[in-house]
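Inside the fold
This is what each chain is made of:
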Amino acid sequence: MEKFNKVTGVAAPLPMVNVDTDKIIPKQFLKTIARTGLGKGLFYEMRTNEDGTPRDDFVLDREPYTNAEILIAGDNFGCGSSREHAPWALQDFGIKVVIAPTFADIFYNNCFKNGMLLIKLPQEQIDVLMSAASDLENPEITVDLEKQEIHAPNGIVYPFDLDPFLKHCLLEGLDDIGLTMQRGKDPALLTLVAFGGGGGLLAAELAEDLGTPRVLVPANAGVLSAVGMVHAEASLDHARTV
């Protein structure tokens, strides 16, 4: 995972509340476990007509937002079903930061595990940034993770709160794999257990990334998720959701 420090880029306004993961990346794009190529499915239903032709009126399909790196969104962004493809799709498009009043918990955690920065701000500050991002002449915003500050083109600076552990992981570029290595564990000596009904979809890819030679996919992984998470040792580091 790449280290994250500061982003200065075009901010795209998306003044919609309750944008769920199915809107972010519809189910027909979940058949792959590849993290690339999903940008074309990002907000697919809002960017295409029923016959599949592009609409060209969605914010990310209009200049200068086709190169957006920051998304200013409404309340409860990322709600709905759990799917790690949602942050993958945002990243593949080029989005590195999402700023909103609140986020769904699972989506929030998935984004940080994949190297994205999510920032929670009060609605009145979101409104100011939304207005700044709507300025076609200068929609650039700077997000400084080290200082925990957002700099808008109108000279306003907003500080933001962030869990110190999440900040550390982003600054150092540490995902689950990096954390495991940092703790002195040798993945080649581990067995990867695919918790949850969808865990098996990502198990092979994660094992390859880790260099772990053994993968255990139980016949009834969903039951193992309910039982196993209660009894699993705290040293188990890897949990991904689909």
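Refer to the structure printed above.
Overview of the structure. Treat the numbers as computed from the prediction; the structure is a model and nothing was measured.

In sheet architecture, strand pairing relies on hydrogen bonds along the backbone and comes in two forms, parallel and antiparallel. Reading across the sheet, the seven strands line up as β4-β3-β2-β1-β5-β6-β7 and stay open at both edges, with mixed pairing between neighbours. Pairing within the sheet leaves two strands with one partner each, and these edge strands are β4 (117-120) and β7 (157-159). Recorded for the sheet is a direction-independent mean angle of 25° between the axes of neighbouring strands. Note: strand β3 (residues 97-100) against β4, four bridges, orientation parallel. Residue pairing across strands places I99 opposite I119, the latter belonging to β4.

On to the pattern of salt bridges, then. Taken as a whole and judged by the stated rule, the model has five salt bridges. Taking the shortest distance from any N to any O, the salt bridge between R47 and D61 comes out at 2.8 Å. Of this pair, R47 sits in helix α2 (residues 44-47) while D61 sits in the loop between α2 and β2 (70-73), and the two are 14 residues apart along the sequence. Residues D57 and R55 are paired through a salt bridge, measuring 3.0 Å at the closest nitrogen-oxygen approach. Judged by relative accessible area, which is 40%, D57 ranks as partly exposed. The exposure class of R55 is partly exposed, given its relative accessible area of 37%.

Here the focus is unusual backbone geometry. Glycine aside, negative phi is the norm for most residues, and most peptide bonds take the trans geometry. Omega for the bond connecting E63 with P64 falls within 30 degrees of zero, at 5°, which places this linkage in the cis form. By the secondary structure assignment, P64 is in the loop between α2 and β2. One non-glycine residue, D56, adopts positive backbone phi at about 70°. Within the secondary structure layout, D56 lies in the loop between α2 and β2.

Turning next to the pairing of β2. Burial along β2 is two-sided: I70 and I72 facing one way and L71 and A73 facing the other are all buried. Pairing of strand β1 (residues 6-14) with β2, which is carried by four bridges, proceeds in the parallel orientation. Paired with P13 across the two strands is I72, which belongs to β2. Pairing geometry for β2 and β3, over three bridges, is parallel. Bridge pairing in β3 links I72 to I99. Considered for its hand, the β-α-β crossover made up of β2, helix α3 (residues 85-93) and β3 is right-handed.

Let us now look at the nonpolar core. General note: in soluble globular proteins, nonpolar side chains tend to be found buried as a group. One finds F43, F77, I99 and L117 to be the most contacted residues of the largest nonpolar core, which totals 62 residues. The residues contacting L117, other than those within four sequence positions of it, are F4, K96, V97, V98, F112, V143, L145, F160, L162 and L170.

Conventions adopted
- Residues numbered from 1 in each chain as written.
- Predicted model: local features only at pLDDT ≥ 70, side-chain atom pairs only at ≥ 80, totals over all residues.
- Heavy atoms only, no water.
- Pairing = 2+ DSSP bridges.
- Helix = DSSP H or I, 4+ residues; strand = E, 2+ residues; numbered from the N terminus.
- Axes fitted to C-alpha atoms, helices over the stretch in contact; angles between N-to-C directions.
- Salt bridge = Lys/Arg side-chain N within 4 Å of Asp/Glu carboxyl O.
- Buried < 20%, exposed > 50% of the residue type's maximum accessible area, 1.4 Å probe, protein only.
- Right-handed = clockwise from strand over helix to strand, strands pointing away.
- Core = buried A, V, L, I, M, F, W, Y, C linked by side-chain atoms within 4.5 Å.
- Contact = heavy atoms within 4.5 Å.

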